Amino acid sequence: ANVCCGALVKYWAVATGSHSGFIQYAEKIKSWDHAAGVLCVIESGGAVTDVNGEPIRFGSRTAEVEGAIICSARECSPEVRERFVRAVRDARDRSS
């Protein structure tokens with residue numbers, strides 16, 4: 001299902017378990033739009049990484065992300081998370 005609104009609403013939906021995850025196709029993000037949501041997902045037992053599995057790091061007003069943000073709930077199986085990763089890689093390959 002689609003979740004409307006800003007990034008924090010999407011992170012909250014994943015952190016509470018109402019959604020398995022989402023992909024944010026952005027390689028440069030504003031820290032204030034994402035940091036609190038990333039923390040909520042991590043604290044709930046979920047994962048938020050780039051396409052290479054690296055954590056999102058906030059050191060200034062913006063953060064660089066490789067490929068996309070892949071956010072998944074604690075309940076999300078490794079197979080579903082891998083499908084998120086493949087979707088990002090496939091989209092990147094098609095746009096090249």
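Our subject is the structure listed above.
(A) Quick look at the overall build of the protein chain. Across its full length, the protein chain holds three helices and five strands. Helices and strands appear in the protein chain in the N-to-C order α-β-β-α-β-β-β-α. Its C-alpha atoms give the protein chain a radius of gyration of 12 Å, within 12% of the compact-globule value 12 Å for 96 residues. With the C-alpha coordinates of the protein chain rotated into their principal frame, the extents come out at 35 × 30 × 25 Å. A burial count over the protein chain gives 35% of its 96 residues as buried. Restricting the contact set of the protein chain to residue pairs at least 6 apart, pairs at least 24 apart contribute 63%. Of the roughly 5900 Å² that the protein chain leaves accessible, carbon and sulfur atoms contribute 50%. Put simply, the protein chain has 12 plus and 12 minus side-chain charges, and the middle of one group is 4 Å from the middle of the other.

(B) Local environment of the nonpolar core. Ranked by internal contacts, the top residues of the largest apolar core, which has 16 residues, are Y11, I29, V41, V48, I69 and C71. Sorting the residues of this core by element identifies α1 (7-15), α2 (31-43) and β5 (69-72) as the ones contributing at least two each. Ranked by the residues each element gives to this core, the list is headed by α1, at four residues. In contact with Y11, other than residues within four places in its own chain, are F22, H34, G37, V38, V41, V48, I69 and C71.

(C) Spatial organisation of the environment of R57. Relative to the helices and strands, R57 resides in the loop between β3 (47-49) and β4 (62-64). When its relative accessible area of 62% is taken as the criterion, R57 is described as exposed.

(D) Region of interest: the sheet that holds β5. Strand order in the open sheet formed by three strands is β1-β5-β3, with antiparallel pairing between adjacent strands. For this open sheet the edge positions go to β1 (21-24) and β3, each flanked by a neighbour on one side alone. Sheet twist, expressed as the average angle between the axes of neighbouring strands with direction ignored, equals 5°. Relative to β5, β3 runs antiparallel, the two being bridged by three bridges.

(E) Representation of the packing of aromatic side chains within the structure. Under the counting rule described, the total for this entry stands at one aromatic pair. For the pair Y11 and F22, a centre-to-centre distance of 5.1 Å together with 70° between the ring planes defines the contact as edge-to-face. A residue pair is termed long-range when its members are at least 10 positions apart, and Y11 in helix α1 and F22 in strand β1 qualify at eleven residues. With a relative accessible area of 11%, F22 lands in the buried category.

Here is what the cut-offs are and how they apply
- In this convention, every chain numbers its residues from 1, walking through the sequence in written order.
- The model is predicted, so local features are restricted to residues of pLDDT at least 70 and side-chain atom pairs to those at 80 or more, both for listing and for counting; the totals for chains, interfaces and linings are taken over all residues.
- Only heavy atoms go into the side-chain values, all of them from the structure, while hydrogens and water stay out.
- The helix and strand labels rest on DSSP assignments: H or I over at least four residues marks a helix, E over at least two residues marks a strand, and numbering proceeds from the N terminus.
- With the radius of gyration taken over C-alpha atoms, the globule rule is written as 2.2 Å times the number of residues to the power 0.38.
- Burial classes follow relative accessibility: with a 1.4 Å probe on protein chains only, a residue under 20% of its type's maximum area counts as buried, one over 50% as exposed, and anything between as partly exposed.
- Any two residues whose heavy atoms approach within 4.5 Å at even a single point are treated as in contact.
- Only the protein chains shown count as cover for residues, and the accessible areas themselves come from Shrake-Rupley with a 1.4 Å probe.
- The positive count covers Lys and Arg only, the negative count covers Asp and Glu only, and His and the chain ends enter neither.
- In this description, the location of a charge corresponds to atom NZ of lysine, CZ of arginine, CG of aspartate or CD of glutamate.
- Within this scheme, the nonpolar core is defined by two criteria: the residues are buried Ala, Val, Leu, Ile, Met, Phe, Trp, Tyr or Cys, and they are joined through side-chain atoms within 4.5 Å.
- By the convention used here, strands pair only if DSSP detects at least 2 bridges between them.
- Angles here are taken between N-to-C directions and fall from 0 to 180 degrees, while the axes themselves are lines fitted to C-alpha atoms, restricted in helices to the stretch in contact.
- In summary, the pairing rule links any two rings of Phe, Tyr or Trp, Trp by its six-membered ring, whose centres are within 6.5 Å, and it sorts them by plane angle into stacked for under 30 degrees, edge-to-face for over 60 and tilted for everything else.

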